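Below are the chains, spelled out letter by letter.
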2 protein chains.
Amino acid sequence: MSRSTKKDALLQVAERLFYEHGFRGVGLKQIIREANVATMTLYNHFPSKNKLVEEVLKRREERYWSYLDSYIERGLSSPFVLAVEAHCRWLKEHSYKGDMFLRAIEDYAGIDEEIENIAREHKTRLLHYFQQLAQENRVNNPMDLANQLTLLLEGTTSMTTLIGADKAAEYSIAMAKVLFQHTS
Amino acid sequence: MSRSTKKDALLQVAERLFYEHGFRGVGLKQIIREANVATMTLYNHFPSKNKLVEEVLKRREERYWSYLDSYIERGLSSPFVLAVEAHCRWLKEHSYKGDMFLRAIEDYAGIDEEIENIAREHKTRLLHYFQQLAQENRVNNPMDLANQLTLLLEGTTSMTTLIGADKAAEYSIAMAKVLFQHTS
DNA sequence: TTAAAAATAGAAAGGTCGTTCTATATAGTT
DNA sequence: AACTATATAGAACGACCTTTCTATTTTTAA
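Residues numbered from 1 in each chain as written. Chains lettered and ligands numbered in written order. Predicted model: local features only at pLDDT ≥ 70, side-chain atom pairs only at ≥ 80, totals over all residues. Heavy atoms only, no water.

Undergrad: Which parts of the structure should I look at to understand the environment of Thr156(B)?
TA: Within the element layout of this structure, Thr156(B) appears in helix 8 (residues 142–163). For Thr156(B), a relative accessible area of 0% gives the class buried. Residues Thr156(B) and Asp107(B), 49 residues apart in the sequence, show an inter-C-alpha distance of 21 Å. Excluding anything up to four places from it in sequence, Thr156(B) contacts Leu151(A), Cys88(B), Leu91(B), Ala168(B) and Ser172(B). (Helix = DSSP H or I, 4+ residues; strand = E, 2+ residues; numbered from the N terminus. Buried < 20%, exposed > 50% of the residue type's maximum accessible area, 1.4 Å probe, protein only. Contact = heavy atoms within 4.5 Å.)

Listed below in structure tokens is the structure:
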């Protein structure tokens, strides 16, 4: 098994476990065991647990955006509603239990600045995405709509933990339509 | 210093620290030190750390509802908007950094059933509150509105972590009004 | 005032954590 | 075939965790 597959296995297992049980809830021992890797192989690729967390977050962000992009470019309805739908599908498939980035902010604020920044950047990117979309569509107050849609997505993520992805998506999309209808 | 004040000090300090750094991020040693209490005093009142977590959650829930009730009964505008405003004020004053109950669900799901249940009950109570409010006000689909408002509040809580309580409240209340206007 | 109850400091047990170290084995390249 | 880079298992480290124990002091109430 080549170097890169070992590293990939570590990142994949770490992401799953961190998401499932939280960053502090998972020890390196468990990651190592489930990735079928030796301790020093992990430390060969990542200088510390926190650096592993960083790379997990970066990878997850990439996957999130490529997921969103590929969903949106194939869609027919309003780009706002599409983005909300795409996010809901992401939740259903990969994020049924809260948001990893928000979790990272809460866990590492005041502890590891680098991790906190990576997580916060993911959120500002979401805000910028909606803002740009609003500008392109000549919405009156792009910043307002962007913030409201981001708030909507954050709420959907939390609701998924409480009532499941399907119902959360239903309410979320209904709200997005009302909101969009009201501003356009 | 009487028995009950020691217990209160422990609960108060524990709530602050758990909220600030997460349940796993705070050790009993720190709680004991900041509450000016001996180790055995803590174990005299709480049989374990998890039981302490339980009581902290119960106390926080009581405070949340009495805060909401006292805010709402003095209000003049629509009870839905009032509830959202009250929640926003609670966020600004006591919950600027994510939601403790959601956090408890994520941290203790599959680990401590009792804690998970207490946290989940808090959320279903919120849903029932809105549902009853919707029924009293003869809304067409009470369950739908209740879920949408709960989603809105959850989103506001997350947004508070990202952009601060004031701006989050602004967007949240604007959305609540649109939503309410649309259903009534 | 005296007896019971509660709180005290601090050590100790038993565990897990992240990280480092050692010494051996495996793979890939020339 | 030999050399270099990587991966291996597993021990060891010091720090921290929750929980228990001990022995002493303080508070409460009859």
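Undergrad: Any chance you could explain the UniProt feature "DNA-binding region" (unreviewed entry) in chain A here in plain terms?
TA: The feature "DNA-binding region" (unreviewed entry), as annotated in UniProt, sits at residues 27–46 of chain A in this numbering. For residues 27–46 of chain A, the helix share is 70%, the strand share is 0%, and the end-to-end C-alpha distance is 14 Å. (UniProt positions renumbered as here; feature names shortened; annotations may be inferred.)

Undergrad: I keep staring at the protein's contact with DNA strand D and nothing clicks. Help me out?
TA: Around DNA strand D, a shell composed of 18 residues is seen, among which Lys6(A), Thr41(A), Leu28(B), Tyr43(B) and Lys49(B) lie nearest. Of all DNA strand D atoms lying within 4 Å of any protein atom, the proportion belonging to sugar or phosphate reaches 63%. A distance of 2.7 Å is found between a phosphate oxygen of DNA strand D and a side-chain nitrogen or oxygen belonging to Lys6(A). With respect to DNA strand D, the backbone of Ala38(A) contributes an N or O atom lying 3.0 Å from a phosphate oxygen. For the surface near DNA strand D, the secondary structure elements donating two or more residues are helix 1 (3–21) and helix 3 (39–45) of chain A together with helix 3 (39–45) of chain B. It is helix 3 of chain A that contributes the most residues to the surface near DNA strand D, 4 residues altogether. The residue inventory of the surface near DNA strand D, partitioned by class, reads 7 nonpolar, 8 polar and 3 charged. (Near = heavy atom within 4 Å. Polar contact = N/O pair within 3.5 Å; in protein donor to acceptor, adjacent residues only side chain to side chain. Nonpolar A, V, L, I, M, F, W, Y, C, P; charged D, E, K, R; others polar.)

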